[in-house]
Amino acid sequence: MTTVQRLKINILKVRRIRLLSYAVLHMDKYKKEALKGIQMHNQRERKSQSNPDIDYERSKLNYDLNNEQPINFLEKAQNRIDELQFEKAVRKDAVYMCGIILSSDQEFFKKLDEHQPKKFFWDSSDFMAKYVGKEDIISPPVHMYEKTPHVHCMPVPITTEKRLCPKAIFTR
């Protein structure tokens, strides 16, 4: 069973009414050099010049499921790697973090009351935490101010053998 199929099943179990049109799960991989840029993007540390779907008047609706304040992605990822004390040195070209976007379509969110989206994002984040390990998820910010609300789960791809390897964790 694929990750997307498990996510759909999990969401449908949580939702007693079949409101879900479809689940969205998109993943990107980020090397060490890209973490500052993705941090600025996810935490909206500057205004986006390229995303017309953002309504900045709704930015007060955004929140992070784990962190009260903005965090430094590289520092948090490096701390997680250091605390595990890998036997081998981390490769210079290693993937330090994955960016996983979890959402549904606009029609799904239109059918929900004001508290249900928060439950949807908590359940989605819990699903990812069970899949990759809660301690490996650095930041799950929820963006409510775009056309389609979504959560960015940002796990450090650590295998059971204490290696950074998203291919060993995430499969099609």
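Details of the structure are given in the entry above.
Residues numbered from 1 in each chain as written. Predicted model: local features only at pLDDT ≥ 70, side-chain atom pairs only at ≥ 80, totals over all residues. Heavy atoms only, no water.

K.L.:
What exactly am I supposed to notice about the nonpolar core here?
P.N.:
Generally speaking, soluble globular proteins have nonpolar side chains that are buried together. Counting residues in each nonpolar core, the largest one holds 21 residues, and the members touching the most others are Ile100, Phe121, Met128 and Phe170. Those elements that place two or more of their residues in this core are strand S3 (95-104), helix H4 (106-110), helix H5 (116-132) and strand S6 (150-155). Per-element accounting of this core gives the leading share, six residues, to H5. With near-sequence residues (within four places) excluded, Phe170 lies in contact with Met27, Cys98, Ile100, Met128, Tyr131, Val132 and Pro155. (Core = buried A, V, L, I, M, F, W, Y, C linked by side-chain atoms within 4.5 Å. Buried < 20%, exposed > 50% of the residue type's maximum accessible area, 1.4 Å probe, protein only. Helix = DSSP H or I, 4+ residues; strand = E, 2+ residues; numbered from the N terminus. Contact = heavy atoms within 4.5 Å.)

K.L.:
When you look at the pattern of salt bridges in this model, what are you seeing that I'm missing?
P.N.:
When the charged atoms of two side chains with opposite charge come close together, those side chains can pair. Counted according to the given criterion, the structure contains seven salt bridges. Across the pair Glu135 and Arg80 runs a salt bridge, and its minimum N-O distance is 3.9 Å. One end of the pair, Glu135, is in the loop between H5 and strand S4 (137-139); the other, Arg80, is in helix H3 (residues 73-84), with 55 residues separating them in the sequence. A residue is classified by how much of its surface remains accessible, and Arg80, at 11% relative accessible area, is buried. A salt bridge links Arg163 to Glu161; its shortest N-O distance comes to 4.0 Å. Here Glu161 falls in the exposed class, since its relative accessible area comes to 52%. Connected through shared salt-bridge partners, Arg80, Glu83, Glu135 and Asp136 make up one network. (Salt bridge = Lys/Arg side-chain N within 4 Å of Asp/Glu carboxyl O.)

K.L.:
What's the story with the side chain of Asn42 in this structure? I'm lost.
P.N.:
For Asn42, the location among the structural elements is in helix H2 (residues 35-42). A relative accessible area of 2% places Asn42 in the buried class. A polar side-chain atom of Asn42 sits 3.4 Å from a polar atom in the side chain of His152. Residues within four places of Asn42 in sequence aside, it is in contact with Phe73, Pro141, His143, His152 and Met154. (Polar contact = N/O pair within 3.5 Å; in protein donor to acceptor, adjacent residues only side chain to side chain.)

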